[in-house]
Amino acid sequence: MSVIRIVFVSDTHGFHDFPVPPGDVLVHAGDGCSHGTLDEALAWAGFLARQPHAHKIVIAGNHDRCFEAAFEQAKAPFEAFDFLHDSGCERLGLRFWGSPWQPWFFDWAFNLPRGPELAAKWALIPELTDVLVTHAPPYGILDRCYDGALVGCEDLRLAVERIRPRVHVFGHIHEAYGTARVGQTLYINASICTLRYRPTNPAIVVDLPIDPTRPAILVE
């Protein structure tokens, strides 16, 4: 297998009745819950279990409060998947790293102040990362809110520019859904829900060659 097909979704918020394209790997970049209850986490895990992809890679997001309050209990239904929390995995020859943190946002989960505390989380990302999965966007890339404000993380942007993953996927800012290519990195805001929390944005599909010198290919 020289090319791995990866399906990216994020911010499903409990709406788990939407078409998921086939592929080798399914990546969910957080906010599978709405209010962050354990029941919602169980339903989210059930949605993932129903998908046919051989590998499923998941992180938490700011709505997934139960993973901050009771991580081991919330994570238990996800044991069949790669639930990444400042951690990584290698699947089908590709290296993934996942992290749930974001610049402080109201009183939601996985908040950290901008500056050294967030930078320390991004410093954990290994140099050799093919696919970076965060819930928050980097500053200035697919992070524009409905009011025009750019709310991504400056230190995350610096970390991505240093590491240069071939794909960086995130969500969080629903209205900034889409893709952008900057240098050798394909950035993906994979929010399934719109600003009005309607699950109508399609999953984003990428073919990623095993050869690390080759770029990600967006599947239209």
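In what follows, the structure referred to is the one given above.
The following paragraphs examine the structure supplied in this document. (Residues numbered from 1 in each chain as written. Predicted model: local features only at pLDDT ≥ 70, side-chain atom pairs only at ≥ 80, totals over all residues. Heavy atoms only, no water.)

On to the nonpolar core, then. Judged by nonpolar contacts, the single largest core of 43 residues is most densely connected at Trp 44, Leu 48, Val 58, Phe 67, Phe 78 and Trp 122. Breaking this core down by element, the ones donating at least two residues are β1 (3-9), α1 (38-50), α2 (66-69), α4 (116-122) and α5 (154-163). The dominant element in this core, judged by the number of residues it contributes, is α1, at five residues. If we skip the residues at most four places from it in the chain, Val 58 touches His 28, Trp 44, Leu 48, Phe 78, Phe 81, Asp 82, Phe 83 and Leu 84. Listed in part, the 23 residues of the second largest apolar core include Ile 4, Ile 59, Phe 96 and Leu 186. (Core = buried A, V, L, I, M, F, W, Y, C linked by side-chain atoms within 4.5 Å. Buried < 20%, exposed > 50% of the residue type's maximum accessible area, 1.4 Å probe, protein only. Helix = DSSP H or I, 4+ residues; strand = E, 2+ residues; numbered from the N terminus. Contact = heavy atoms within 4.5 Å.)

Attention now goes to the pattern of salt bridges. On inspection of all chains with the given rule, the structure shows 10 salt bridges. The salt bridge involving Glu 79 is made with Lys 75; its shortest N-O contact spans 3.4 Å. Taking relative accessible area as the criterion, Glu 79 reaches 52% and is therefore assigned exposed. One network of salt bridges, in which partners are shared, links Arg 95, Asp 130 and Arg 166. (Salt bridge = Lys/Arg side-chain N within 4 Å of Asp/Glu carboxyl O.)

Spatially, β4-β3-β2-β1-β13-β14 is the arrangement adopted by the six strands of the open sheet, whose pairing is mixed. Because the sheet does not close on itself, it has two edges, and the strands there are β4 (82-83) and β14 (217-219). In this structure, strand β3 (residues 55-58) lies alongside β4, joined through two bridges in parallel fashion. Of the residues in β4, the one forming a bridge with Val 58 is Phe 83. Contacts between α1 and the sheet are confined to β2 (25-28) and β3, with β3 contributing the most and set at about 150° to the helix. (Pairing = 2+ DSSP bridges. Axes fitted to C-alpha atoms, helices over the stretch in contact; angles between N-to-C directions.)

The subject of this paragraph is the sheet that holds strand β9 (residues 131-134). Pairing within the open sheet is mixed, and its six strands lie in the order β5-β6-β9-β10-β12-β11. Two strands in the sheet have a free side with no partner beyond their single neighbour: β5 (87-91) and β11 (178-182). Sheet twist, expressed as the mean angle between neighbouring strand axes with direction ignored, is 20°. For β9 and strand β10 (residues 167-170), the ladder comprises three bridges, and the chain directions are parallel. Within β10, the position partnered with Leu 132 by the bridge is His 168.

It is worth spelling out the pairing of β1 at this point. Taken across its seven residues, β1 has five buried, putting it largely inside the fold. Sheet analysis places β1 next to strand β13 (residues 204-209), joined by six bridges and oriented antiparallel. Looking at β13, one finds that Ile 6 is bridged to Val 206. Both β1 and β2 contribute to a ladder of four bridges, which runs parallel. Across the sheet, Ile 6 pairs through a bridge with Val 25, a residue of β2.

Here Arg 164 is to be found in the loop between α5 and β10. Along the primary structure Arg 164 and Cys 145 are separated by 19 residues, whereas in three dimensions their C-alpha atoms are 25 Å apart. With near-sequence residues (within four places) excluded, Arg 164 lies in contact with Gln 184 and Thr 185.

The next point concerns the side chain of Lys 56. Tracing the sequence through the fold places Lys 56 in strand β3. Despite its burial, Lys 56 remains without a salt bridge, the nearest opposite charge being carried by Asp 82 at 10 Å. Separated by 2.9 Å, the side chain of Lys 56 and the backbone oxygen of Leu 48 make a polar contact. From its side chain, Lys 56 meets the backbone oxygen of Gln 51 in a polar contact 2.7 Å long. (Lys, Arg positive; Asp, Glu negative; His and termini not counted. Polar contact = N/O pair within 3.5 Å; in protein donor to acceptor, adjacent residues only side chain to side chain.)

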